[in-house]
Amino acid sequence: MYSINLKSLPVLQYAHEYSSHSYITQLRTRQQFIELTYLEEGSLTLSDEQETIVMKEDTLMAYLYPNKKNLFTDKYQKHLTIGFSIDFEYSDKEPKIFLPSNEIIAMPNVKPLFTKIIEEYNMNLQVEKDYSFHSYTSMKINSLIFDLLNEINSICKKIVEKNERNFGYDRYAKKAKIYILNNITKQVTVSDIAAELGISPGFLSRVFKSATNQTLIEYTNYAKLYKIKELNATKGITIKEAAYQLGFSDPNYVSRLYKKYFGKNITD
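The structure displayed is predicted, hence computed values, not measured ones.

(A) Quick peek at the side chain of Ser 138. Tracing the backbone through its elements, the reader meets Ser 138 in the loop between α1 (111–131) and α2 (139–182). Within the structure, Ser 138 has its side chain in polar contact with the backbone nitrogen of Ile 141 (distance 3.1 Å).

(B) Layout of the sheet that holds strand β5 (residues 44–47). Within the open sheet, the four strands sit side by side as β3-β8-β5-β6. Their pairing is antiparallel. A strand with exactly one partner marks an edge of an open sheet, and here the two such strands are β3 (23–27) and β6 (52–55). On average, each strand axis in the sheet is tilted by 15° relative to the strand beside it, whichever way the strands run. Pairing of β3 with strand β8 (residues 69–73) involves five bridges; the strand directions are antiparallel. The residue bridging Leu 27 from the neighbouring strand is Lys 69, located in β8.

(C) View of the sheet that holds strand β12 (residues 105–106). Strand order in the open sheet formed by five strands is β2-β9-β4-β7-β12, with antiparallel pairing between adjacent strands. In this open sheet, the two edge strands, each paired with only one partner strand, are β2 (11–20) and β12. As paired strands, strand β4 (residues 33–42) and strand β9 (residues 77–85) are joined by nine bridges and run antiparallel to one another. When the bridges of β9 are listed, Leu 39 appears paired with His 79.

(D) Highlighting the environment of Ile 104. In this fold, Ile 104 is placed in the loop between β11 (97–99) and β12. Among the residues examined, Ile 104 registers a relative accessible area of 22% and is labelled partly exposed. For the pair Ile 104 and Lys 56, spaced 48 residues apart in sequence, the C-alpha to C-alpha distance is 8.1 Å. Those residues in contact with Ile 104 that sit more than four places away from it in its chain are Ile 53, Val 54, Met 55, Lys 56, Thr 59, Leu 60 and Met 61.

(E) Structural context of unusual backbone geometry. A positive phi angle, close to 65°, is found at Asp 58, a residue other than glycine. Within the secondary structure, Asp 58 sits in the loop between β6 and β7 (59–63). Residue Asp 58 is classed as partly exposed on the basis of its relative accessible area of 31%. Of note in the backbone geometry, Asn 213 takes a positive phi value of approximately 60° without being a glycine. Mapping Asn 213 onto the fold places it in the loop between α4 (201–212) and α5 (216–235).

(F) Expanded view of the packing of α5 against helix α7 (residues 251–262). Viewed as axis vectors pointing N to C, α5 and α7 meet at an angle of 110°, and their least axial separation amounts to 11 Å. Viewed along their axes, α5 and α7 adopt a mutual orientation that is roughly perpendicular. Residue-level inspection shows Glu 218, Asn 221, Tyr 222, Leu 225, Tyr 226, Ile 228 and Lys 229 of α5 in contact with α7, the latter providing Val 254, Leu 257, Tyr 258, Tyr 261 and Phe 262. Across the contact of α5 with α7, the residue classes break down as nine nonpolar, one polar and two charged.

(G) Molecular detail of the pattern of salt bridges. If you walk through the whole model with that rule in mind, you get five salt bridges. Notably, a salt bridge pairs Glu 40 with Lys 78, separated by 3.7 Å at the nearest N-O pair. Taken as a pair, Glu 40 in strand β4 and Lys 78 in strand β9 lie far apart in primary sequence, 38 residues in all. Of the two residues, Glu 40 and Lys 78, neither departs from the other in class, the shared state being buried.

(H) Up close: the pairing of strand β1 (residues 2–6). Most of β1 sits inside the fold, with four of its five residues counted as buried. Pairing between β1 and β11: three bridges, direction antiparallel. Note that in β11 the partner of Ser 3 across the bridge is Phe 98. Where β1 lies against strand β10 (residues 88–90), three bridges are found, and the strand directions are antiparallel. Note that in β10 the partner of Ile 4 across the bridge is Tyr 90.

Rules behind the numbers
- Residues numbered from 1 in each chain as written.
- Predicted model: local features only at pLDDT ≥ 70, side-chain atom pairs only at ≥ 80, totals over all residues.
- Heavy atoms only, no water.
- Helix = DSSP H or I, 4+ residues; strand = E, 2+ residues; numbered from the N terminus.
- Polar contact = N/O pair within 3.5 Å; in protein donor to acceptor, adjacent residues only side chain to side chain.
- Pairing = 2+ DSSP bridges.
- Axes fitted to C-alpha atoms, helices over the stretch in contact; angles between N-to-C directions.
- Buried < 20%, exposed > 50% of the residue type's maximum accessible area, 1.4 Å probe, protein only.
- Contact = heavy atoms within 4.5 Å.
- Parallel < 35°, antiparallel > 145°, perpendicular 65-115°, else oblique.
- Nonpolar A, V, L, I, M, F, W, Y, C, P; charged D, E, K, R; others polar.
- Salt bridge = Lys/Arg side-chain N within 4 Å of Asp/Glu carboxyl O.

Here you go:
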């Protein structure tokens, strides 16, 4: 994800809608320039020496021209593109705007803004032609471009925050798993694990479920049942004795639990 700060007003260089049954172009290096493309229909492939990305309908691509890229398709496509010069810098400091870099993000709500920018741009061109004005970017276009950037930023920001949250959830879930496996023979409670991680039991339960799609009890039971089967298969320990070693007081409960989780008998 690009994270940038804007340092000037945009100067719109082009804005168009284009459809064809095949398409190929090369995006060349250009300093202090942003191109935004919204794909309305079909698909487009974006490639360079490092990667290939496929755009689908209702997705948006931001290109800040760091290097040359090829954009192509051999099928029908319809896209809307605007390109504008603007001074910006890459920065994580507030205020900042997020734009997709290697991500192709669904943004169906941006089409009306693209359409308005294209319409206003064409009106400006006609005014320039009729009255011999020098090329300019109207305040209305500037306002529409900032509206578009704000809409894109809003969607990208939610994705960034979700990824950061998921990273934290994954980290806690991984630590919880390690603690459970290191204490597999003990009666471990959610409170024990939460205290080890320095978070509340309720928060731990929520993040573990979100990260693994399992409750802590389910994961613990799975881990213990696998260990029982392993002790039986590799060391010849009986299911009953292995159950006792893993902290179960009732071997029959272990058999029922195994049948519930795996759909077969533990002795199979």
